[in-house]
Amino acid sequence: MKLSTALEQTILRQATVVAGAKGLDRQISWVHIIDHPDITHWLKAGDVLLTTGYNWPQEDEASRVLVRTLNDLGLAGVVLAVPHFRDHFSAATIAEAQCCDFPLLELPWEVPFSEITQEVLAKIINLQTEIIQRSDLIHRKLTRAAIEADNLDSLGNALASALEVSALVVSASGTILSGHDIDTTEQFERELIAKFIDERPLEHRFDESQTLAITLTWPHPRFRLGCAIWLQGEVAGIVWLESTQDLFEEVHSRALEHAAVIAALHLSHQRELLDQETRLGHALVAGLLEGKFPETPSAIERALVSGWSETRDYRICLVLLDEPIPLSLEGFKRRKEKTARVFNLMVANSVSPLISVSLNQISFIIPATLAPESLWKQLRHDGGAMAVSRTHRGISGMAQGAEDVAALVPLLRPGRLHVFNEVLFPRALMGDKKARVMLLQQMIEPLANRKNGTLLLETVCALSREGFQLANTAKALDVHISTLRYRLARIEKILDLSLENPEARFQIQVAAEMYRLEHDE
């Protein structure tokens, strides 16, 4: 109970505050009647001292020293019965008490000390009983919410209804996890958390006390009482109570601490579920990329549930982290953070987060309709490099895509995005047989597999021999120039390139020559 409450609701209302009015919010834990030369040994924090002044120091300096000592002990205040041994506190005593906001009260001599102790202690006991009863009610409400709720929203609602104040649960980054009857925005909460962290880490701020009281001034004055949600030695979030008046009491602190524990258990459970889902997802993706995926109905059904389809075109992406092997503990932590970044980006793009991690590599599967450049634009600031495969489909295609990015790994440069086609042509020129086969698959086979494919192949070969001179090519093929232009348009559309591009011309010229050599053999 606060001293101000005792002045309002007990016989102490007959007392007059002569000093330290700003300290009337001090909590009272007990009332002592002491008239002894050495009273400091009999007192403790939260006590109210009732005295007749019989042994109160006569000298001004001794009186000042006593006031400072009692204030340092944490006394709630001193009540002097007047007039009898003393008419009033001395001016020096009052002046010293004013300096340290230490409450001094003068009470008419006729008011019995026994009546004061009886009323004040009874009030303290009644308040404690009320706190216990309210705490029990809040405990039951929060426990029920913990058992029945599947998210933090129900917990916040139970907390707000039990205490009849606004409640808010936010993550350590400021994301609103639950909010009830509270005027705030996620941007404001993020800025508030960022301000806290700029001053000192959240773990240090909340380590000093179970609860934290703050005053907010924007967009209107209000008061908050918060408790940290601790997970594995780190602050994972904060549970806040908010009111337009600074009326928070012990019951609010107790409820907050209880709610924070329940929130921690809930978040821990959610993390375990997420980790389990992540591990299962990683195993699925790893099986696809390693060519070890069982083509059974149940396995394919599990893949469909995870968001992968046999009939859809995909690219395989690989992010190579700038981390030495083997990974250090910090390296594992940075890989986890980067994986979370990839996960969030895929979810933000409405893409199933098909991800697998190994050593210093993060592999993930994205639909061919999603531009990998858009993801890399968000990831490049974190360091590392990214490789992108060709478009593939089906179970075998996923393994082929993994081979594409594996071929790129030795060529990756920090801070850059590398696409498989970048290295396909140089490798084919350097005599890589596998690359040569893939180059023909990309540049020649799409033409051969179309209707009138023979004519299209003849046209490509003729163009290559004639140095892409249209008039000479038309003469060599014995066709009209308009017919040749029609065929060129079809070739460009099928191969998705422009023959106006010198690099594309050179590549198709080399591919045509390779095809001719193989065909002649």
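Note that the structure is predicted; figures quoted are calculated from it, not measured.

## Topic: the pairing of strand E12 (residues 354-358)
Relative to strand E13 (residues 361-367), E12 is paired through 5 bridges, and the arrangement is antiparallel. Residue pairing for E13: Leu354 is matched across the bridge by Ile365. Here E12 hands over to E13 after 2 residues, with Leu359 in that stretch at a positive phi of 55°.

## With respect to the nonpolar core
Leu439, Met443, Leu447, Ile491, Leu495, Leu499 and Ile508 are the most contacted members of the largest nonpolar core, which totals 30 residues. Those residues in contact with Leu499, other than ones at most four positions away along the chain, are Leu463, Phe468, Leu488, Glu492, Arg505 and Ile508. Within the second largest apolar cluster, 27 residues are counted, among which are Val165, Ile229, Ala236 and Ala259.

## Some remarks on the packing of helix H17 (residues 470-477) against helix H18 (residues 481-495)
Between H17 and H18, the shortest axis-to-axis distance is 9 Å and the interhelical angle comes to 105°. Judged on the interaxial angle alone, H18 and H17 are roughly perpendicular. Contacts between H17 and H18 involve Leu470, Ala471, Thr473, Ala474 and Leu477 on the former and, on the latter, Ile481, Leu484, Arg485, Arg487 and Leu488. Split by residue class, the contact of H17 with H18 holds 7 nonpolar, 1 polar and 2 charged.

## Re unusual backbone geometry
Cis geometry is adopted by the peptide bond preceding Pro83, which originates at Val82 and carries an omega value of -15°. Following the sequence through the fold, Pro83 ends up in the loop between strand E4 (77-82) and helix H3 (91-99). Between Ile325 and Pro326 the backbone carries a cis peptide bond, its omega angle lying at 0°. Relative to the assigned elements, Pro326 resides in the loop between strand E11 (313-320) and helix H10 (329-348). Within the chain, Phe468 stands out as a residue other than glycine whose phi angle is a positive 60°. With respect to the helices and strands, Phe468 occurs in the loop between helix H16 (453-465) and H17.

## Some points on a nonpolar patch on the surface
Taken together, the side chains of Tyr54, Phe85 and Trp109 define a hydrophobic patch exposed on the protein surface, amounting to about 330 Å² of accessible area. Here Phe85 shows up in the loop between E4 and H3.

## Some remarks on the pattern of salt bridges
The tally for this structure, following the rule as stated, stands at 13 salt bridges. In this structure, Arg224 and Glu189 form a salt bridge, with 2.8 Å as the shortest nitrogen-oxygen distance. One end of the pair, Arg224, is in strand E9 (residues 222-231); the other, Glu189, is in helix H6 (residues 186-199), and 35 residues separate them in sequence. Relative accessible area serves as the criterion here: at 1%, Glu189 is assigned to the buried category. Between Glu242 and Arg224 there is a salt bridge whose closest N-O contact spans 2.7 Å. A residue pair is termed long-range when its members are at least 10 positions apart, and Glu242 in strand E10 (residues 234-243) and Arg224 in strand E9 qualify at 18 residues. Note on accessibility: Glu242 and Arg224 belong to one class, buried.

## Quick notes on the UniProt feature "domain: PucR C-terminal helix-turn-helix" (unreviewed entry) in the protein chain
According to UniProt, the positions carrying the feature "domain: PucR C-terminal helix-turn-helix" (unreviewed entry) are residues 456-512. Overall, residues 456-512 shows 77% helix and 0% strand. The separation of its end C-alpha atoms is 11 Å.

## Things to note about the sheet that holds strand E6 (residues 166-171)
By definition, the strands of a sheet pair up through backbone hydrogen bonds, in either a parallel or an antiparallel sense. The 5 strands are arranged E7-E6-E10-E9-E8 in an open sheet whose pairing can be described as antiparallel. Each edge of the sheet is formed by a strand with only one pairing partner; in this case those strands are strand E7 (176-180) and strand E8 (211-216). Averaged over neighbouring strand pairs, the angle between their axes works out to 20° when direction is ignored. Across 6 bridges, the pairing between E6 and E10 is antiparallel. Residue pairing for E10: Ser166 is matched across the bridge by Glu242. Set on the sheet, helix H5 (residues 152-163) makes contact with E6, E7 and E10; between it and E7 the angle comes to about 30°.

Quick notes on the rules
Residues numbered from 1 in each chain as written. Predicted model: local features only at pLDDT ≥ 70, side-chain atom pairs only at ≥ 80, totals over all residues. Heavy atoms only, no water. Pairing = 2+ DSSP bridges. Helix = DSSP H or I, 4+ residues; strand = E, 2+ residues; numbered from the N terminus. Core = buried A, V, L, I, M, F, W, Y, C linked by side-chain atoms within 4.5 Å. Buried < 20%, exposed > 50% of the residue type's maximum accessible area, 1.4 Å probe, protein only. Contact = heavy atoms within 4.5 Å. Axes fitted to C-alpha atoms, helices over the stretch in contact; angles between N-to-C directions. Parallel < 35°, antiparallel > 145°, perpendicular 65-115°, else oblique. Nonpolar A, V, L, I, M, F, W, Y, C, P; charged D, E, K, R; others polar. Patch = residues over 30% accessible without salt bridge, like charges linked within 9 Å, V, L, I, M, F, W, Y side chains within 5 Å. Areas by Shrake-Rupley, 256 points an atom, 1.4 Å probe, with all protein chains shown as cover. Salt bridge = Lys/Arg side-chain N within 4 Å of Asp/Glu carboxyl O. UniProt positions renumbered as here; feature names shortened; annotations may be inferred.

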